[in-house]
Amino acid sequence: MLDIPVLAPPREVDLAGLAGMLAQSLPTGSGVVVCWDDERLGAGSSEVEGAAEALRTRARDLMSGKRAHADADGALIDESWTEGEARIAIAARLPEPLTPGSREAWRALARRLVSATIASAQAEARIDSLRKSERLQQALYEIADLAGSGLEMEEMLKRIHGVVGGLMSAANFYIVLYDDVRRTVRFLYFADRLDPWIAQPAIETPVGTMPNSLTVALLRHGQPLRGPSELIRDHLAVELDSAHGPDAADWLGVPMRREGRVSGAIVVQSYEQPDCYTDEDRALLEFVAQHILTALDRKHAQAELERRVVARTRELQQANEVLQAEIIERQRAERLQRALFRISELSFTAGSVEGFYGDLHAVVGELLYARNFYIAMVSGDGSHIEFPYSVDERDIARKPRRMIRGLSEYVINSGRALLADRVVIARLEAAGELQHHGTLAHCWLGVPLLRDGMAVGVIAVQSYSPHIAFTVQDQKLLTFVAHHIGGALARKRSQDHLKAAHAELEDRVDARTRELEETNRELRAQVSERMRAEQRLIDQARHDHLTGLPNRIHLLDRLDAAIAETRAQKRGPFAVLFLDLDRFKLVNDSAGHAAGDEMLIEAGRRIARMLREGDVVARLGGDEFAVLLGEAGDDATAQAVSARILAELGKPMWIAGRELFPSASVGIAMWQPRYHHGEDLLRDADAAMYRAKASGRDRSELFDEEMRAEATRLLDLEADLRRAILADDFEPWFQPIVDLATGQVVGHEALLRWNHELRGPLPPGEFIGVGEDSGLIEQVDWLVYRRAFEWMARHREGYVSINVSPRHFRSDNFAERLLQMLADAGAEPARLRIEITEVALLDDAPRALRMLKTLRSRGIFALLDDFGTGFSALSYLHRFPIHALKIDQSFVAGLGDDLHPESLALVRAILALAGTLGIDSVGEGVETEAQAAILRQLGCTMGQGFLFGRPMPAPAAERRGAA
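Calculation notes
- Residues numbered from 1 in each chain as written.
- Predicted model: local features only at pLDDT ≥ 70, side-chain atom pairs only at ≥ 80, totals over all residues.
- Heavy atoms only, no water.
- Axes fitted to C-alpha atoms, helices over the stretch in contact; angles between N-to-C directions.
- Helix = DSSP H or I, 4+ residues; strand = E, 2+ residues; numbered from the N terminus.
- Parallel < 35°, antiparallel > 145°, perpendicular 65-115°, else oblique.
- Left-handed = near helix turned anticlockwise from the far one by under 90°.
- Contact = heavy atoms within 4.5 Å.
- Nonpolar A, V, L, I, M, F, W, Y, C, P; charged D, E, K, R; others polar.
- Buried < 20%, exposed > 50% of the residue type's maximum accessible area, 1.4 Å probe, protein only.
- Arc of directions from axis to C-beta.
- Polar contact = N/O pair within 3.5 Å; in protein donor to acceptor, adjacent residues only side chain to side chain.
- Salt bridge = Lys/Arg side-chain N within 4 Å of Asp/Glu carboxyl O.
- Pairing = 2+ DSSP bridges.
- Core = buried A, V, L, I, M, F, W, Y, C linked by side-chain atoms within 4.5 Å.

Undergrad: Just to check I follow, could you spell out the packing of helix H5 (residues 214-221) against helix H6 (residues 229-236) for this structure?
TA: Relative placement of two packed helices is described by the angle separating their axes and the distance separating the axes. Taken N-terminus to C-terminus, the directions of H5 and H6 make an angle of 55°; their axes are 11 Å apart at the nearest point. When the axes of H5 and H6 are compared, the pair comes out oblique. With respect to the hand of their crossing, H5 and H6 are arranged in left-handed fashion. Of H6, the residues touching H5 (which contributes Leu214, Ala217 and His221) are Ser229, Ile232, Arg233 and Leu236. A breakdown of the residues in the contact of H5 with H6 according to their chemical character gives four nonpolar, two polar and one charged.

Listed below in structure tokens is the structure:
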């Protein structure tokens, strides 16, 4: 086995100060050497600085048991003894002799001190060994449990990876199985931070196709290998091949053996840390590898057992089906005998004709396939055929028709039964004897119904499945049934005529009486129902249908009345509370709308319990409630009521089997003389509620003049924004994007600016919030896009990137409209980039993917803006066609700053991810040469920021581009 040495931390580090401690008890200048050899601690020594070589030699001689020369002048003290499994020796040289008593006292002190220290180190080594054994035992238990679990193989191997990672560095880990007979390998599991290769466990790869694989070399070598990949390859004469991944700084692989033959291997490796693995790790991985092989064998055996159980179950089911078929055949014979007796009885005991037909259908269905069954009768004048009974899965309703050349008419005219499949039907049609009507059956059987020897009808069954066909035996059986139907029909017809004549007169008298009574009841019911309907309409118009609470209309009426009474000094001041449940959408999304409705009902009850007589609670819609406090003399009273409501709402409630802890944000508007309408009070309370929600939720805020001024400012800003859209006061400012390696400008980002008539150019931060809330930002974007595309048509160097908000991705025609605007401006689509955020991708992933693919097909690439500040999930980077990542300026600002070392790690990780995915990267907010240098060193391809140029209007940007 090749074993490249790794320097482990010396065990004598804890004992290194022994000689120094002993020297402190001797005269200054004394030399001391201590040696020991222990099974757990190994061999080691401790000496004071400047100790003579002769003193070290004397201590070693004492350790080996050699007899030391006697001390002539008494300035040399030595001692050796055995302490348990440890052999210990001390040699000390003094600048001047000690008295015999002092020498013996020092020997005793030295023995006690050294023995105690050695014992402590031994105990510490035992504890460390126990800890490692405990971790190993726990790992083996987990591997055994995983082997017996019901987990899929992929999930089991992923968890085994986690177990090995708890024992040693295993971020880069894989398991390979080897078939030495077929000379193939299968990579069951592969996890590597740098190598993007994906294992396919079901695929066997011949080892002959992998001549430069270090893994194949390990399987052939048959012994553990440890050390840098480069040295191992040199030792095994394996050439470097980039197709098998990059070289590791430290590589550890151990074979797995089954009955003495190599059946696979487990490999861990580290790309950054040399000497990462030790001999102890190698031995540990060998031990664990065999248990992993056992777990894999158990998993395969379990799968094989399940396969055999399924096969045996299938055999038993087939045998059972044969037995069941025999039983069914015997039961069918018994049913046939019983059915013949029942058919005979029905002709004498049947009730109505319709009931007789239904009973007859049921009896026939017990004897043969009769899912599609009908009875056809010739009308009295012989010109039509009628269907008094029909049950059919294809032709649901059979209407009377004129006598034509159908199958039923063929049987009636011929007076003989007909058993026909599609071939027979086609032959009869070709001969002109019949013309088929309705859905064509695969097999049709009809027999005539006879009265006085003449055919007056047909009883027929049919099958629409090619697997179901009727036989001659079925024809005989149905013919027997038809003979009994003829007599029964004649008898039933006579009885029905007699009953009808007696019942007709009674029915006419009863009908007239009922008509008069019903007319009277209807008149009374109509009057009562109209009164109830009017009351319901009034109540529904003023109450919420879900909670039963008053609605907005009701509340506004009460507010207007309260305002009028307060102005007339008929009542004291009052207040309005506006409540909005916090995170209510999360309840709807997670537990469903039914659970959300239940929560709203309970919230309404709790609010109502906290109010006094004369107060009103109303549901305004969604998760919004409002409360009219009839008597609220001051702010403190309103805030106290609000606090009680919040406390009551905050109590846990059980909704859809879950314990929820709801909360709300409350806005309070106190009565002021300036209020003339209830809508004004609700509006200000709503504004205060949004202040409470922005301040952290589960709290209340009182509307004040500052909020009023802010609301007024936002309204004015929205009005200015609308006028600016009509006046086309928006334009793009262009900021260069440069190649960090060459400093050359490769493109520009078009940044939105509003040429405000009073305040001059405004950046998006000044008005983007109002634009988003009002929905006007989309119109602003299209105005800026048009100007940016016109600039592209004039400035034909580099690309231009535009910012696209998530709102645009909700529009189905965004891509088509963008491409049309490019064509109208005469700009090349391949020079356009769109900058999107992670929210745009995750809001409606399928729609976003279709839109990006459409744009990509026309050469328009997508850049992911502000990367790292959102979800930053790796899944969407694989799913979506992202061309480049734009590293957020908050990370770039921390580069080169000792106060923000995490920024360097984050940027390095982002660039490593971009490099792995093969996409470009742009560092935003670059303001110093130091930041640019670090980005270049980390592999960032492009940069953008004040260091390279500030945003400028189109003419200035053109001059800069020309320069």
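So that's the structure; there's more coming.
Undergrad: Explain helix H10 (residues 422-430) to me, please; I cannot follow it from the model alone.
TA: Turn by turn, an α-helix covers 3.6 residues, leaving residues three or four places apart pointing in a common direction. Those residues of H10 lying buried are Val424, Ile425 and Leu428. An end-on view of H10 places all buried positions within 100° of arc, on one side of the element. For H10, the exposed residues lying more than 90 degrees away from the buried face are Val423, Arg427 and Ala430. In this structure, the buried residues of H10 make contact with helix H9 (407-414) and strand S14 (418-421). The N-cap residue of H10 is aspartate 421: its side-chain oxygen and the backbone nitrogen of valine 423 are 3.2 Å apart. One or two residues past the end of H10 sits glycine 432, with phi positive at roughly 80°.

Undergrad: Is there a simple way to think about the pattern of salt bridges in this case?
TA: Close approach of charged atoms allows side chains with opposite charge to pair. What the rule picks out here adds up to 41 salt bridges. The shortest N-O distance in the salt bridge between arginine 605 and glutamate 602 comes to 3.4 Å. Taken together, the residues span about one helical turn, with arginine 605 and glutamate 602 both in helix H14 (residues 593-609) at a distance of three residues. Linking arginine 612 and aspartate 615 is a salt bridge whose minimum nitrogen-to-oxygen distance equals 3.2 Å.

Undergrad: Explain the sheet that holds strand S18 (residues 616-621) to me, please; I cannot follow it from the model alone.
TA: Hydrogen bonds between backbone groups are what pair the strands of a sheet, and the pairing can be parallel or antiparallel. With mixed pairing, the five strands of this open sheet are ordered in space as S18-S19-S17-S22-S23. Since the sheet does not close on itself, it has two edges, and those belong to S18 and strand S23 (699-702), each with one partner. Within the sheet, the average angular offset between the axes of one strand and its neighbour, ignoring direction, is 20°. Pairing geometry for S18 and strand S19 (residues 624-629), over five bridges, is antiparallel. Paired with arginine 619 across the two strands is phenylalanine 625, which belongs to S19. H14 rests against strand S17 (575-581), S18 and S19 of the sheet, and its axis sits at about 15° to S19.

Undergrad: Sorry if this is basic, but what is going on with the pairing of strand S3 (residues 76-83) here?
TA: Within a regular strand, side chains alternate between the sheet's two faces. Of the pairings in the sheet, the one linking S3 to strand S4 (residues 86-93) comprises eight bridges and is antiparallel in character. Its bridge partner being in S4, aspartate 78 is matched across the sheet by alanine 91. The loop that links S3 with its antiparallel partner S4 comprises two residues; one of these, glycine 84, has a positive phi angle of about 65°.

Undergrad: Help me out: how do you make sense of the nonpolar core in this one?
TA: Formed by 54 residues in total, the largest nonpolar core has its most connected members in Phe789, Ile802, Leu818, Ile834 and Ile836. Filtering out sequence-adjacent residues up to four positions away, phenylalanine 789 remains in contact with Ile802, Leu818, Met821, Leu822, Ala825, Ala827 and Leu832. Counting residues in hydrophobic clusters, the runner-up holds 34 residues, among them Leu15, Leu18, Ile90 and Ala110.

Undergrad: Is there a simple way to explain unusual backbone geometry in this structure?
TA: Peptide bonds are mostly trans, and most non-glycine residues show a negative phi. Positive phi outside glycine occurs at alanine 237, with the angle close to 60°. With respect to the secondary-structure elements, alanine 237 resides in the loop between H6 and strand S9 (250-258). Positive phi, normally seen in glycine, also occurs at glutamine 569, with a value near 60°. For glutamine 569, the location among the structural elements is in the loop between helix H12 (552-567) and S17. Given the relative accessible area of 74%, glutamine 569 is considered exposed.

Undergrad: What's the story with the sheet that holds strand S8 (residues 225-227) in this structure? I'm lost.
TA: The strand order S7-S6-S5-S10-S9-S8 describes an open sheet built from six strands, whose pairing is antiparallel. Each edge of the open sheet carries a strand with a single partner, namely strand S7 (205-206) and S8. In the sheet, strand S6 (residues 184-191) pairs with S7 via two bridges, with the strands oriented antiparallel. Counted as the bridge partner of threonine 184 is proline 206 from S7.

By themselves these figures say nothing about function.
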